[in-house]
Every structure is written in C-alpha cells, then in structure tokens.
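Geometric and topological summary
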Amino acid sequence: MDSEYEAYPLTFMILILPVCKLLLINGYVSSLRSVSLHSHASSVPTLNGMNFSEWKEHVEFHLGVLDLDLALRCEKSAALTNTSSAETKSLHEGWERSNRLGLMFMRMTIANNIKITLPDADDAKVYLTSIETRFKQADKSLAGTLMAKLTTMKYDGSRGMHEHVLEMTNLAAQLKNLGMSMDEFFLVQFLELIVLVSLV
C-alpha cells in the first residue's frame with residue numbers, strides 16, 4: 001500500500017469525520033452569527049441626528065439580546081499576564097469580542113453623512129458616549145418642538161376626531177422616546193378638553 005490510510009480506510013474515516021463535522025458546525029455557527037448581527041442591525045432605526053434616544057434604546061436592546069453588551073456595561077480589564085487566571089482570560093476575550101462587534105453594530109446603524117463626522121474610537125462605550133454628547137442637545141430641541149405642537153393643537157373639523165386624537169398620541173409617544181414621558185392623566189384630561197371644545 002502507498003499509504004497507511006489506504007490500509008486502514010475505515011479507521012481513517014472514523015478519525016477524520018468528527019474533525020470535518022466540527023469544522024462544518026463552526027462554519028455554520030459563524031455564518032449564523034453574521035446573519036443574526038446583520039438581521040438585528042436592520043431592525044434598528046438609523047441614527048439621523050434627530051432620533052438619538054430612540055436609536056440608543058434599540059442599540060442597547062439588540063446588543064443585549066445578542067449578548068454583545070459587555071463592553072457597554074464593563075470597563076476594559078487590565079492587560080493579560082502569564083499569571084492571569086482562566087476566568088480572567090475568558091472575561092478579557094469576551095470583552096474584546098463584545099467591543100469589536102459592538103462598534104461594528106453601531107456603525108452599521110448610523111447614517112453615512114453622520115458617521116464620517118464622528119470621532120474615531122476603539123472603545124464601544126467611549127464611542128456611544130461621544131455620540132450621546134453630540135446629539136443629546138438635538139433631542140432636547142426636538143422635544144421642545146413636539147411639546148409645543150402637542151399643547152397648541154386645535155381640532156378644526158377638517159378631519160375626524162379619531163385621526164386628531166391619534167396624532168396627539170403619536171406626538172406623546174415620540175416625546176416618550178426622547179425621554180420625556182407625559183403623565184397619562186394629563187394626556188387624558190387634555191384630550192377630553194379638546195373633545196369638549198370641539199362640541200361647543
């Protein structure tokens with residue numbers, strides 16, 4: 001025989017099949033993770049400069065679901081040494097993976113015209129903080145505009161009362177996404193007042 005494996009084909013197959021199976025499984029899992037990351041990113045509203053609070057809420061939720069939020073919750077651990085424990089090494093590797101994919105995830109969900117103006121960062125938490133610092137003021141400005149619109153809306157009879165109430169509740173929902181939760185009792189009383197005025 002030219003090869004010892006030719007002499008023992010069955011033995012060779014028994015030895016090589018588990019290895020091939022493991023390689024295929026790892027490749028399949030890796031592919032699934034890639035698809036999953038892209039799928040989750042496509043569910044996040046694109047950061048356009050006027051929706052930071054909503055964008056951040058979605059980003060944190062999806063990274064949590066993907067188990068990639070470690071870098072947002074914890075500071076980077078000290079550099080590994082020869083004496084580092086297995087647990088420390090595992091935590092370090094987990095943080096590095098979370099940080100790398102977290103940065104990719106956030107960048108995938110930011111409009112290109114905004115992305116190019118953001119400072120570079122190799123830390124997901126620092127990157128998110130820099131975005132928050134930049135756009136929090138824009139959120140406050142938008143919240144003021146929405147609040148002014150909500151409190152000055154008048155029913156003019158040009159459309160149904162149902163559509164008018166829906167628009168008001170949509171405005172209230174947008175304010176909530178911006179971190180300004182409206183008191184439900186106030187909103188109900190306000191809507192009732194609108195209805196009474198329209199009937200006069």
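Our structure is the block above this text.
Within every chain, residues take consecutive numbers counted from 1 along the sequence as written. It should be noted that, the model being predicted, local features are given only for residues of pLDDT at least 70 and side-chain atom pairs only at 80 or more, the latter also being counted only at that level, while totals for whole chains, interfaces and linings use all residues. As a rule here, side-chain values come from all non-hydrogen atoms in the structure, and water together with hydrogens is ignored.

Per the convention used, a helix needs a DSSP run of H or I reaching at least four residues, while a strand needs a run of E reaching at least two, with both numbered from the N terminus. Helices and strands together make up the secondary structure of the chain, namely nine helices and zero strands. Beginning at the N terminus, the succession of helices and strands in the chain can be written as α-α-α-α-α-α-α-α-α. Note on areas: Shrake-Rupley with a 1.4 Å probe; residue coverage comes only from the protein chains shown. Total accessible area on the chain is roughly 13400 Å²; 59% of this is exposed by carbon and sulfur atoms.

Here we come to the environment of Lys 56. Mapped onto the fold, Lys 56 is located in helix H3 (residues 52-65). For the pair Lys 56 and Val 44, spaced twelve residues apart in sequence, the C-alpha to C-alpha distance is 9.1 Å. Residue contacts are defined here by distance: any two heavy atoms, one from each residue, within 4.5 Å place the two residues in contact. Not counting chain neighbours up to four residues away, the residues in contact with Lys 56 comprise Leu 128 and Glu 132.

Classification of ring pairs rests on two measures: the distance between centres of Phe, Tyr or Trp rings, Trp counted by its six-membered ring, which must be within 6.5 Å, and the angle between planes, read as stacked under 30 degrees, edge-to-face over 60 and tilted in between. What the rule picks out here adds up to one aromatic pair. The interplanar angle of 40 degrees and the centroid separation of 6.0 Å between the aromatic rings of Phe 52 and Trp 55 together place this pair among those described as tilted. One end of the pair is Phe 52 and the other is Trp 55, both in helix H3 and three residues apart, which spans about a single turn. Exposure remark for Phe 52: the relative accessible area of 0% places this residue in the buried category. Burial classification: accessible surface area is computed with a 1.4 Å probe over protein chains only, and a residue below 20% of its type maximum counts as buried, one above 50% as exposed, and the rest as partly exposed.

Here we take up unusual backbone geometry. The residue Asp 67 is not glycine, and still its phi comes out positive at about 60 degrees. By the secondary structure assignment, Asp 67 is in the loop between H3 and helix H4 (70-73). The exposure class assigned to Asp 67 is exposed, which follows from its relative accessible area of 59%.

What follows covers the pattern of salt bridges. Should their charged atoms come close, side chains of opposite charge can pair. Salt bridge criterion: a side-chain nitrogen from Lys or Arg within 4 Å of a carboxyl oxygen from Asp or Glu. With the rule as written, the count across this model stands at four salt bridges. Here Glu 132 makes a salt bridge to Lys 56, at a shortest N to O gap of 3.4 Å. One end of the pair, Glu 132, is in helix H7 (residues 124-152); the other, Lys 56, is in helix H3, with 76 residues separating them in the sequence. Look at Glu 132 and you get partly exposed, because its relative accessible area is 23%.

Here the focus is the side chain of Asn 51. Inspection of the secondary structure assignment puts Asn 51 in the loop between helix H2 (9-42) and H3. For the purposes of these results, a polar contact is taken to be a pair of N or O atoms within 3.5 Å, where, inside protein, one atom must be able to donate a hydrogen and its partner to accept one; residues adjacent in sequence count only when each atom of the pair is a side-chain atom. A distance of 3.0 Å separates a polar atom in the side chain of Asn 51 from the backbone oxygen of Thr 46.

Attention now moves to the packing of H3 against helix H5 (residues 86-108). The angle between two axes is taken between their N-to-C directions and runs from 0 to 180 degrees, where each axis is a line fitted to C-alpha atoms and a helix contributes only its stretch in contact. Direction vectors running N to C along H3 and H5 enclose 145 degrees, while the axes themselves pass 11 Å from each other. For the pair H3 and H5, the sense of crossing is right-handed. Across the interface between the two elements, Trp 55, Val 59, His 62 and Leu 63 from H3 touch Gly 102, Phe 105 and Met 106 from H5. Ten residue types, Ala, Val, Leu, Ile, Met, Phe, Trp, Tyr, Cys and Pro, are classed as nonpolar, four, Asp, Glu, Lys and Arg, as charged, and the remainder, Gly among them, as polar. Tallied by class, residues from the contact of H3 with H5 come to five nonpolar, two polar and no charged. Each crossing gets its handedness from the near helix: less than a right angle anticlockwise from the far helix is left-handed, clockwise is right-handed.

Once that is clear, we can look at H3. In this model H3 runs 20 Å from its N-terminal to its C-terminal C-alpha over 14 residues, within 8% of the 20 Å that 1.5 Å per residue would give. Of the residues making up H3, those classed as buried are Phe 52, Ser 53, Trp 55, Val 59, His 62 and Leu 63. At the C-terminal side of H3, Asp 67 shows a positive phi close to 60 degrees. Here, expected helix span is obtained from the residue count minus one, scaled by 1.5 Å.

Moving on, we come to the environment of Met 50. One can find Met 50 in the loop between H2 and H3. Note: C-alpha distance between Met 50 and Phe 135 (85 residues apart in sequence) is 7.4 Å.

The next subject is the nonpolar core. One finds Trp 55, Phe 105, Met 106, Ile 110, Tyr 127 and Ile 131 to be the most contacted residues of the largest nonpolar core, which totals 28 residues. At the level of secondary structure, the elements contributing two or more residues to this core comprise H2, H3, H4, H5 and H7. Non-local contacts of Tyr 127, meaning those with residues more than four positions away in its chain, are made with Leu 103, Met 106, Arg 107, Ile 110, Lys 115, Leu 118, Pro 119 and Ala 121. Membership of the second largest hydrophobic core comes to six residues, among which are Leu 146, Leu 150, Met 153 and Leu 175. Nonpolar core, defined: a set of buried Ala, Val, Leu, Ile, Met, Phe, Trp, Tyr and Cys residues in which side-chain atoms within 4.5 Å join the residues together.

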